Structure formats: C-alpha cells, structure tokens
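A structural walkthrough
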Amino acid sequence: MLLDIRNLTIRTKTNIGTVNVLDKVNLQIHEGEIHTLVGESGSGKSLIARAIMGFLSERWDVTADRVWFEGKDLLSLSAAERRDIIGVDIAMIFQDAKSYLDPNLTIGEQLSEAVLDRDLDGSWWQRSKQRKERVISLLHRVGIKNHKAMMQSYAHELSEGAAQKIMIASAIAHRPKLLIADEPTSTMEPATRQQIYRLLAQFHARYGMSMLMISQDLGAIMPQTERISMIYSGQLMETGPAEPLLQKPYHPYTEALLNTSLYRQAESQPRTKLPTLPGVEPTLQHLPIGCRLGPRCPYAKPECIKTPKTLKLRDRMYACHHPVNLED
Amino acid sequence: MPRPNLYYEERMPSPLQRVWLEFRRNAFAIGALYILIFIVFISLFGPLLTPYGPNQQFIDAISLPPAWSVNGDVRFLLGTDELGRDMITRLIYGARYSFALPLLVVIISALIGVTLGAIAAMTVGVKSSTLKHLLDVLMSIPSLLLALVIIALTGPGLGNALLAIGLVMIPQFLHVTRNAIHDERRKPYVTASRLNGVSDYYLLTMVFFPNIVRVLVIQFTIGLSVAIFDIAALGFLRLGAQAPTPEWGSMLAQSLEVAYVTPWVMALPGLALFITLVSVNLVGETLRQAIQKQLEQ
Amino acid sequence: MTRYLLRQITLLFFTLLALSLFTFCLSYWFAGSAVTNSSGIFPDDPSYATIATARGFDGGYFGQYIAYLRHLFAGDWGRSLLDGAPVFEQLIVRFGASLEIMLLALLVAWFPGVAFGVLAALKPGRSVDNTILGMSISGYSIPVFWFAQLAILLVAVQWGLTPIAGQINPLFDIPAVTGSILIDIALAQPANPQAAYYSAFMHMILPVTVLAIMPMMLLIRLTRNSMLDVLNKNYIVSSYAKGMSTRRVLWSHALPNAMQQVIRQLSNLISLLIANTFILEVIFSWPGIGNWLVRSIYERDYPVIQGGLLIIGSLILVTHVLLNLFHAWRYPQVRKDLYAAP
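These numbers were taken from a predicted model, which means no experiment stands behind them.

Helix and strand counts for chain B come out as 10 helices and 0 strands. On the principal axes, the C-alpha backbone points of chain B span a range of 85 × 65 × 30 Å. Burial status across chain B gives 42% buried among its 297 residues. Considering only contacts within chain B whose residues lie at least 6 apart along the sequence, 70% involve residues at least 24 apart.

Right under this line is the structure:
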C-alpha cells in the first residue's frame, strides 16, 4: 500500500457554523496503480489532493485516522520533513497548467527549480551545467525536441498542452512514486487530452509510478485507469476496479452518473425523461444529514438518514443502504 | 408522498448589501463612519452649537490654554488663540471650509467627470490608446501641482482654490469611469444585453452602472481625501483660504509664529485635519477591501 | 521591445511638446505683456525692443512659439521679475536640491515600506497585519505640513537635536553648483569637510524623514495588497509542489511578482512625493524648486512659474515613461498585453 487514507475529515467555518466539507473519506492507492477519483465540481476531490500535498491553509481543519505514505504519516510531518517527500516522492500537476507557471520567469528557470541541489555535485559552474543538462533531458522526456526555444520562452507564449507538458516534466524530475493529477486535461481539446494521457501512461509504464487522477467526467477518464473511486458532496460513495465498476455499479450515484454519460444518453429517446438525479448538489450550508445523496436518491428509504457504513464485497467497496446491481 | 425540497432557495443579498455587510465587520471603519457623520453634522449645524462667532475676540482671554490646564478658563474649552478667539468655535466653523466645501466640490466634479467619462466611453472616437496614455500622464501629475498652476493663473483665494481642486478632480473621475466601462464592455453579460437590443442609455444606466458603481465609490473616497488635503495644504501655503477665515490649513499657517508659545493653537487644527483624513482613508480602504473580497468569491 | 520603446519615446516627445506649448501659452494668459512674462524684461528696459524681436513678437504666434523653443534650448529661460536673476541657472541649482531630498526620501521609504508590507501580507487578518495596516492608514493621513511643524517643535526646538531650517550652516559658505548639498560639498572641498558633511546631514535628517513617512505608508499598503494578491496565485501553489521552502517561494516567485504590481502603481507614489516636497521645502526653507515656485506664485513672478512648471512637468513625464519602459523590460508578459491589445 503506497498511500493509505482512513477517515479523512476536513472541516471549515461557514456562516452557519462548522461543516464537514469532507466526511470520513477512505482512499487506498497501491504501488504502480492508476486510481481515478471521480466527482462533480465542489465534491471535495481537489481538497483531498491538496490535503495530501499539505497545501491547505489554516482555514481548513484536516483530521484523519491516518494519511500514510509508505508508512509515514503525512499530516504530522514538519515543514522540512515534508519537503523531502513533496516534489520528490509525491508530485502534482494541475488543471489550467498555464496559470501554474510564473509569468515572469522563463520555462528554463522554472524547470531548473525542480532539480534539487543535492542531486548535483562539483563546483558551482559544474553544477549549473549539470542542472541545465537535467532540464534539457526532462524536456526531451516529455517530447519537446526544441529545448532551446522552449527554455527561453515564457508561460504566456505556450499552448495549453505545452504548458501541461512542462508541468509534467517538472513533476517527474525525481521519478516520484505517486503523481497526483488534478483534472489535468479538463480544459483541453480531445486530441491534446489523448496526448497528455499517452505521456502519463508512458511514464507510468517506465517508472512504475502510481497515479491519482482526478476527474469530473466519467466519460473522459484516462483509459488506463485500474481503479475508480466515486465521491459525492464530500462522502466516498464507491470504490472498485474500473471495468466491473463501470459495467455494474453498486451505488445509485455511480449508476446515475453513468446514465448521464454520453454513450448511454445516445440510446435514450428524445422527449423521454433524462435518466438523472433530480435536484442539485447541496451547498455547504445545506448538507443533508446521513447519506448526502439521500434527498436526490431514487432508492432512498428512511434509514438513509443515517450515514451508511462502508461495506466490502470482494475487491469493491461501497457505502449505501440499498445498493443496486447486487444479485448475489 | 410529499417531495423533499430539492432546490435550496435563499435570497442572496445584492452586491452592494454584501459590501456593506463586509464593511460592517470592521469596528474601526464603523467608528470612522460615525466620525464622518458627526463632522457633517457640525458643518451643517455648527453655528447653532457655538456660543461665539468665529472671529469674535476676547481681550481678556488672549492665548488661554485649554480649560483643563491650570491657567485655563471654562468659557473656552479648548483655549483661545493669540487674538483671543475661541479655538473650539473656530474649529467647528472650520469644518465647513475644510470638510464640507471639499465634499461639495468632489460631489460636483464626480457628477461632471462621471458623465463625461460615460460619454467618452460610449462614443468610441479618438484612437483610445493615445487618449488613454494622455490621461495616464495627466493622472501622474500631482493634483496639488495642477491646482498650483490654476491658482497661478487666477490668483490666491479660497474660491479659486476650490475651483482649482474641482477642475483637477474632473479628469480623474473621467478616467476612472472610462476605464471601468472599457473593462466591462467586452464581458459576456454586456454582449447579452446588446443582443437584446437595448438602447445606449439603458445600457449605461442599467447594465454598466450597477457594475462600476463600486469603482466609483472607491474613487470618490480617494478624491475626497485628496481634496481635503489639498485645500488645507493650499490654505497652509497661503494660496487658498486667507486669514481670518477659520479654515484648518490657514489656521495652521497663522499659528506658526506663536507655535512655540501656545502649541495648542497649532496642534488643534492639525489634529482635526488628521482625524478627518484618517476617517476618510479608513472608510475608503475598508470599502476597497470589502469590494475586493466580494470579487474574489 | 524596440517597438514599444519607440512608441514610448514618440509619446514622450509629443507630451513634452504639449507641455512646452502650455507654458508658452501661459505668457499670454498671465496678466501683463507677453514679452515681459516670457523673458522677464520690463517694457521700460532699453533692451525690450530687441528682446521682443528676438522672441518673434513682430511675427505670428507660430514664429513666437518656434522662437520660444529656440530660447529654451539655448538655456535662456528669461529672468526673474523680482531680482532679475536668470531663471535657468537658478532652476538647475534648485532642481538639484529638490531631487536630492526626494531621492533620499524614496530610498528611506523603500525598504521599510516593502518589508512591513510583506510582513503584513504573510499573516492576513491577524494582529500583525491589523497593526501594520492601521499604522499605515493613520501615518498616511497625517497632514504633512502639520507633522513637519510638530517635528520641528519637538526635535529641533524642544530637544535641540537638529537645526530648524536650511540646507547647511551658512558659515561653511558652500557655493551652489549642482544644488545637491552633498555633491556641492564634495566639489567645493572646504577646509573641514567632515564638519560640513555633518552639518549638511543634520540639516537634512528632519526634512527627509518627514518626507519619507507618507510614501512609506503608501508603499506598505501597496506591497501588502499586491503581495496578498500574488500569494493566492496558482504558480505559488505549484512552487510549493516542487518542494521549495517558503522562504525560496517568497523570494523567487512571490516578491518579484508583487513588485511588478507595486511598480505599476509607483507613479502615484511619485506624485505624492513631489507634492509633499513642495510643501516641506516651504516649511524647512529648503532652497528647492517647490519653495521657489510657491513664492513666485505669490509674487506673480511669471518667468519663474513657467520655468518651474516646465522642469517639474518634464520630470514627471520622463519618470512616467521610464517607469513604463522599466516595467515592460523587466516583466515580459506585459509586452504581450501591449502588442496583443485589441
């Protein structure tokens, strides 16, 4: 087990008091696994990524039974200890990559920041030469041939795809064991998206690194995904291997999301009712008690007012009182 | 079976209300607002509150210190100056010259400047980047210097100083309004309104104005602070209000010769000016922050 | 960048031309004879007729303007109506004196201003931030002429630590060459340079400190607000994701980007500085341009008003363009906005 998160709860203050934005989320990522976390916007999926990276400000109160990375508890690390892991063993890429590049530094300067001093030796000019070589090789690895021009350009001169490649180059600089990708392709065109997915898959195969992909669209997840977790409004709904989960979702929420995906919709006739959940996602001020899907769930029963336990069935987990597609 | 209420409806306060709610959280800013209201009050009703006239001299009470000191006199709460005039009376009358008149001037310039700015923004005429650059240059000239130029032409005096400050303020409001409308012009909601076929007047008053009013409010507080300072500075340089007008800046200038003997004559008008300026600046900065915070959400 | 440079220089040229046209027109707008107003020669002076011809007053307005420009470039800016001193030579000296305290005050204001601003931005909403912000707003609101008087009363009169006014003890008899007292002492090489520098320093300390206060307070607020803005930017997050320490992120990403916004608003600060220099020069009897200009307005000394406005106006215009150029040179993404403007 590379990353083991148990009962991760994140609270924040709103005008009606403290609310659990994230409610006892469990997430396990094995070595060399591509894990996709799917949820609508505002469901707290980016919050999980940021909690792992330690980016959350004091506004967010993070508690958990454990957030273990290779047996080390990420939440109790000091800033210096954390820096030995973040950026080295755990790296992250983001949505809208351009805005994550400093507009006033060249790409070369920013990439060389990702090369750590401790990996270099010799006098300062030898080190700067090594540093430059490292940067060039990083650029080649993400498929940028014209490294000279790229190193001198600025963020505003790049395309969306190129900027994301630079982010990937800086993320893989130390062959991380875990790469967190927060909706890296959601604003891209399909062709660029496939390019980025192929690049990521290539590094996954070459370095054997695990990946936590975050996506809001079940229809556009990375094809190589091995496991999928569904999150709704801060609660984890279902986790399981990709293929069976998409074929036979146990949780009503997964089923509803699948129904709204493009390929299922094509089958439905016009003028029929869209097979989706009624209502809207609850705001932070109006979180339902118990199962947060409750008020929108077509199968809801009075007991849904209690938070369902996470149940395990073979290699799948779900949190629902009335799962669907459970024949046996 | 009754359906649960799926749609969470709650009336969101309007943008201006939200700015006010945010503003209200800062106790200092509220205090400053009360001070400003108090100053407006005494500029309106000052003469009813004071027992003496601003230039009434008391031969028996020359250079009296404030009432709480040993040599003080209860008749003159904050003492008298070297000509035996009651300080508190002069300060109260001074609020008219140092606060109410600048306020009036800024209001008038704002009305003119915003109108001109709106016209300039709606009628796309001169190549805008050149105009923008020229206005930028004009903005970078200190308002006090521009006022000095105008006073050099018209001669010293309170009326001329007020006119000068008013003239200087107009291009600032023009610039801010024009820029604000320019920034909003390409936003989708404006395009949507245009596609609805609304008239230019409707576009200006009902579409642009509610969205730029925040910028204008901030500019108004900045302008007010600058106008108060400039009027007082001109009075101090003896180019604005002339003696014996109880304007705070010229009171300061007159007190210079006696500042070593009767320091309160110098300290009090400056303190009044300082409190006024702090209040205006504090209200302005808090408003700016409240608006900023709202934009981020 | 070249294109931008050329554009800015062209704009500077035209604004300077407009400024000279304005000061030229002032001769007509002021009361009295335009010849007297621009040259400082009274009509009863024997050379009046020759001056009027040299300045093109027998021809049309255009010829007069050309003659005016020619005189400007030749360094003949007329004579003061009060004492008949040549305006240009006086202006150079006074300009130096003003520039000296302005630059020193900017220097004094800069580092504490930026440091306090950053400090406040690191703990937004906390007591450190509130204290610094409160100090900044109240410090910014002190009327500078009042503050200067209080400082003189307390420091110079009550405690007797510094002299009340002037540039240097007149006993040193330093001839004014550049106007900047520190440079003048170096040029004059008096018998006792240390004592002269000491005297100049003691005279300078009060005006420079008082002058520095307001820009410093403004700078604190500018730095704090832009720093807060930058710290919320995504590229700060990605720098942390690279495993950089807070100190390195602040130093190499946050501060340079925050400074960009500060520099963009620097012209506000400079105009504040100029206005306050004018007032303080009057109070401290500093022989600078503001002191002279205010006096000349009072005395209706028109050639001096024109010359003073021309030189202060040029200073502002040149600074404005230099700031723009620096901004575009240092911050590359600005140039994109400039070129790609719709």
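That shown, we press on.
A separate point is the environment of E281(A). Residues and elements named next belong to chain A. Of note, E281 is situated in the loop between helix 10 (262-267) and strand 12 (311-313). For the pair E281 and V142, spaced 139 residues apart in the sequence, the C-alpha separation amounts to 38 Å. For E281, the contacting residues outside a window of four places in its chain are E40, G42 and S233.

Residue and element names in this part refer to chain B. When the UniProt feature table is mapped onto this chain numbering, "transmembrane region" (unreviewed entry) sits at residues 27-49, 99-122, 134-153, 215-241 and 261-283. End-to-end, the C-alpha atoms of residues 27-49 are 29 Å apart, and along that stretch the chain is 100% helix and 0% strand. For the annotated span residues 134-153, helix accounts for 90% and strand for 0% of the residues, and the straight-line distance between the end C-alpha atoms is 23 Å.

A separate point is the environment of T178(C). Residue and element names in this part refer to chain C. Summarising the element assignment, T178 is placed in the loop between helix 7 (144-158) and helix 8 (181-188). For T178, a count of 17 C-beta atoms within 10 Å translates into the label partly exposed. Separated by 86 residues in the primary sequence, T178 and I92 place their C-alpha atoms 6.9 Å from one another. Aside from chain neighbours lying at most four places away, what touches T178 is G96, I183 and D184.

Residue and element names in this part refer to chain A. Tracing the backbone shows R134 in helix 4 (residues 124-141). Using a count of 18 C-beta atoms within 10 Å as the deciding quantity, one classes R134 as partly exposed. C-alpha separation for the pair R134 and V115, spaced 19 residues apart in sequence, amounts to 7.4 Å.

Here the focus is the UniProt feature "transmembrane region" (unreviewed entry) in chain C. Residues and elements named next belong to chain C. Mapped onto this numbering, the UniProt entry annotates "transmembrane region" (unreviewed entry) at residues 12-31, 101-122, 143-161, 200-220, 269-289 and 304-326. The distance separating the terminal C-alpha atoms of residues 12-31 is 31 Å; by composition the span is 90% helix and 0% strand. Taken end to end, residues 304-326 has its terminal C-alpha atoms 32 Å apart, with 100% of it in helix and 0% in strand.

Below, the discussion takes up the interface of chain C and chain B. Across the boundary between the two partners, chain C contributes 33 residues, which contact 35 residues of chain B. When residues of the side of chain C that touches chain B are assigned to their parent elements, the largest contribution, 8 residues, is made by helix 12 (residues 266-283) of chain C. Residue composition of the side of chain C that touches chain B, by class: 26 nonpolar, 7 polar and no charged.

Criteria and thresholds
- Residues numbered from 1 in each chain as written.
- Chains lettered and ligands numbered in written order.
- Predicted model: local features only at pLDDT ≥ 70, side-chain atom pairs only at ≥ 80, totals over all residues.
- Helix = DSSP H or I, 4+ residues; strand = E, 2+ residues; numbered from the N terminus.
- Buried ≥ 20, exposed ≤ 12 C-beta atoms within 10 Å, placed from the backbone.
- Contact = placed C-beta atoms within 7 Å.
- UniProt positions renumbered as here; feature names shortened; annotations may be inferred.
- Nonpolar A, V, L, I, M, F, W, Y, C, P; charged D, E, K, R; others polar.

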